[in-house]
Amino acid sequence: LGARTVPDCSIAIDNGIIQDIGPKKRIAKDYKFDDEIDARDRIVIPGLVDTHMHSYQVATKGQTCDSELLKWLRSYIFPWEGHLSRKRARACAELSYIEMAKSGTTCFSDFTSTRFTDEAFSVAEKIGLRANIGRTMMDYNAPKDMLEDTVSDIEDSRALIMRWHGRCNGRLRFMVTPRFDVTCSDELLVEAFALAKEYNLVFQTHAQENLGEVAFERKRFGVPAIKHLNKLGLLGSNVLLAHCVWLDKKDFTLLAKNNVKVAHCPGSNMYLASGIAPVPEMLKNKISVGLGSDVGAYGNYSMFEQMRLAVLLQKVHTLRPHAMDHHTVFSMATSGGAACVGLSKEIGEIRVGRKADLTLLDKRSLAFSPLHDVIAQVVYSAGKVCVSDVIVDGKVIVRDRQLTTINEEKTIRRASKALVS
Ligand code: GUN
Ligand code: FE
């Protein structure tokens, strides 16, 4: 781990791919550009990856501040998701994706909910983000208006794969997302995993987030989620587990042996008082870890904030200032995130041949002067206010802090109205 910083260079992009990186003079001589961004006062970083969030929960902000996971789900999240309408779902996706784009997140992995997943895809298509979108599955132990049957969970997901997976030059991808084993039958988990295998998709679920959840799993299965998934044969390199806060030695071995990825959500783990995930131990065991905002279990989508929370939480937890360094946490938000969503070779680094997913930070906006250590300053000082331009798949989707793909003002106004009516 350890990102390298290169001063004063230009990046040539064509066909959505980084073609060349080099001294400004040479690049200017070798290529003819039909568009240029003057990045003299900019820091260019790989687009940030949010490996775990729930766009359709965004409208619950401000109402859910004081609960632990299971009560939070029962009291706020299930009632809200159970009463979603198509219009509200779309509004949630719009507000979420606008905020992510303007915060320098270029790629996300969204659980949506049990219905209206088409809206999320349609909004992602329009705004231009790299999207991994799932339809939440739950066929057991769920409130009446969210309970589904196993067959429709699978068949509805299959229909979404047909409609959306691979669209927009591969920018939109479907992800198989059973909610968690607390609200899923074994049959559903097994069939969902088979569906993911059939289409070569990421299989994402929540695991061992909170002690109440773990106690429920012990009672129902005799073991917590990871060992239960292992018994069912559902651990593999396409598996992304959100949280993994409460792990024992055997869990580390199972995750590492099966090349399972972890979405670490430090903000959510604090917000819901879930606990402190043993991230340094995961990394020591060579487990791939990415970062997630987990909104609605957190107040905003800024991955700068999640980087900072991740690194500070380990310092204060261990009383060791080197518990997890800033290079590690920066890699988690970029290349680690790419690994989580199965895009290790495509995104996560600024490198010739990679997809051009880039975030530009304005050095003048905050704390970048004097520049001593770019990565340290990005991790400890930067915020979404620094994000000036965002490029996804070679397309500039945010230019000079404004979305280029939609009318931002109008969309926000309409979406906000839909959520209060
Ligand atoms: N576990 C099951 N569902 C959820 C959810 O929506 N959010 C979080 N944070 N954990 C979950
Ligand atoms: Fe979550």
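Our structure is the block above this text.
Quick caveat, the model's predicted, so the values are computed rather than measured.

Chemist: Please set out the overall build of the protein chain residue by residue, giving values where relevant.
Modeler: Secondary structure summary: the protein chain contains 15 helices and 15 strands in total. The C-alpha radius of gyration of the protein chain comes to 21 Å, within 12% of the 22 Å expected for a compact globule of 421 residues. Across its three principal directions, the C-alpha atoms of the protein chain cover 65 × 50 × 40 Å. Across the 421 residues that make up the protein chain, the buried fraction comes to 59%. When contacts within the protein chain are restricted to residue pairs at least 6 apart in sequence, long-range pairs at least 24 apart make up 73% of them. Accessible surface for the protein chain amounts to roughly 17300 Å². Of this, 52% is attributable to carbon and sulfur atoms. In the protein chain, which carries 56 positive and 50 negative side-chain charges, the distance between the mean positions of the two groups comes to 2 Å.

Chemist: Any chance you could break down the pairing of strand E6 (residues 130–137) for me, citing the residues and the numbers?
Modeler: Of all eight residues making up E6, eight are buried, and the element is well covered by its neighbours. Alternating residues of E6 divide into Arg-130, Asn-132, Gly-134 and Thr-136 and Ala-131, Ile-133, Arg-135 and Met-137, and every residue in both groups is buried. Bridge count for strand E5 (residues 105–110) against E6 is four bridges, and the pairing is parallel. Bridging across to E6, Cys-107 finds its partner in Arg-130. Here E6 runs beside strand E7 (residues 172–178); their pairing, made up of seven bridges, is parallel. Across the sheet, residue Ile-133 finds its bridge partner in E7, namely Phe-174. Crossover handedness for the path E6 to helix H5 (residues 150–164) to E7: right-handed.

Chemist: Give a description of helix H15 (residues 408–420) that names residues and reports values.
Modeler: Between its first and last C-alpha atoms H15 spans 19 Å; for 13 residues at 1.5 Å apiece the expected length is 18 Å, and the two agree. Every buried residue belonging to H15 is among Glu-408, Thr-411, Ala-415, Ala-418 and Leu-419, and all of these are buried. Buried residues of H15, viewed axially, fall in a sector of 100°; they line one side. Among the exposed residues of H15, those oriented more than 90 degrees off its buried face are Glu-409, Lys-410, Arg-413, Lys-417 and Val-420. The inward-facing, buried residues of H15 abut helix H2 (69–82), helix H3 (86–102) and strand E15 (402–403). Looking at where H15 begins, the residue whose side-chain oxygen comes 3.3 Å from the main-chain nitrogen of Glu-409 is Asn-407.

Chemist: Got a sec to walk through the packing of aromatic side chains? Specific residues and values, please.
Modeler: Counted under the stated rule, the structure contains five aromatic pairs. Look at Phe-121 and Trp-164: their rings are 5.3 Å apart centre to centre, the planes differ by 5°, and that puts the pair in the stacked class. One end of the pair, Phe-121, is in helix H4 (residues 117–127); the other, Trp-164, is in helix H5, with 43 residues separating them in the sequence. For the pair Phe-121 and Trp-164, a shared accessibility class is recorded, and that class is buried. Aromatic pair Phe-193 and Phe-203: ring centres 5.3 Å apart, planes at 80°, arrangement edge-to-face. In this pair, Phe-193 sits in helix H6 (residues 186–199) while Phe-203 sits in strand E8 (residues 203–207), placing the two residues ten residues apart along the sequence.

Chemist: How would you sum up the coordination of the iron ion (ligand 2)? Please name residues and give values.
Modeler: The iron ion (ligand 2) binds to the protein through His-52 (NE2), His-54 (NE2), His-206 (NE2) and Asp-294 (OD); the donor distances cover 2.0 to 2.3 Å. Residue classification places His-54 among the buried residues on the basis of a relative accessible area of 3%. Judged by its relative accessible area of 6%, His-206 falls in the buried class.

Chemist: For the pattern of salt bridges, give the residues involved together with the corresponding values.
Modeler: When the charged atoms of two side chains lie near each other, side chains of opposite charge can form a pair. For the structure shown, the criterion picks out 29 salt bridges. Of the charged contacts, one joins Arg-364 and Asp-41 as a salt bridge, the two residues approaching to 3.6 Å between their closest N and O atoms. With a gap of 323 residues between them, Arg-364 in the loop between strand E12 (358–362) and helix H14 (374–381) and Asp-41 in the loop between helix H1 (24–30) and strand E3 (42–46) connect regions that are remote in the sequence. With relative accessibility at 57%, the residue Arg-364 sits in the exposed group. Ionic pairing is found between Arg-167 and Glu-125, a salt bridge with its closest N-O pair at 3.1 Å. Here the residue Arg-167 occupies a position in the loop between H5 and E7, and Glu-125 occupies one in helix H4, the gap between them amounting to 42 residues.

Chemist: Mind laying out the nonpolar core, listing which residues take part and the relevant values?
Modeler: By size, the foremost hydrophobic cluster in this structure holds 95 residues, and its most contacted members are Tyr-97 and Met-307. The leading source of residues in this core is H3, at eight residues. The contact partners of Tyr-97, leaving out residues within four places of it in the chain, are Met-53, Ser-55, Phe-108, Asp-110, Ala-120, Val-123, Ala-124, Ile-127, Leu-129 and Ile-133. In terms of nonpolar packing, the next biggest core, distinct from the first, is built from 13 residues, Leu-70, Ile-77, Phe-78 and Leu-272 among them.

Thresholds, definitions, all that
Residues numbered from 1 in each chain as written. Chains lettered and ligands numbered in written order. Predicted model: local features only at pLDDT ≥ 70, side-chain atom pairs only at ≥ 80, totals over all residues. Heavy atoms only, no water. Helix = DSSP H or I, 4+ residues; strand = E, 2+ residues; numbered from the N terminus. Rg over C-alpha atoms; globule rule 2.2 N^0.38 Å. Buried < 20%, exposed > 50% of the residue type's maximum accessible area, 1.4 Å probe, protein only. Contact = heavy atoms within 4.5 Å. Areas by Shrake-Rupley, 256 points an atom, 1.4 Å probe, with all protein chains shown as cover. Lys, Arg positive; Asp, Glu negative; His and termini not counted. Charge placed at Lys NZ, Arg CZ, Asp CG, Glu CD. Pairing = 2+ DSSP bridges. Right-handed = clockwise from strand over helix to strand, strands pointing away. Expected span 1.5 Å × (residues − 1). Arc of directions from axis to C-beta. Polar contact = N/O pair within 3.5 Å; in protein donor to acceptor, adjacent residues only side chain to side chain. Phe/Tyr/Trp six-rings, centres within 6.5 Å; stacked < 30°, edge-to-face > 60°. Donors = N, O, S within 2.8 Å, 3.2 Å for Na, K, Ca; no water. Salt bridge = Lys/Arg side-chain N within 4 Å of Asp/Glu carboxyl O. Core = buried A, V, L, I, M, F, W, Y, C linked by side-chain atoms within 4.5 Å.

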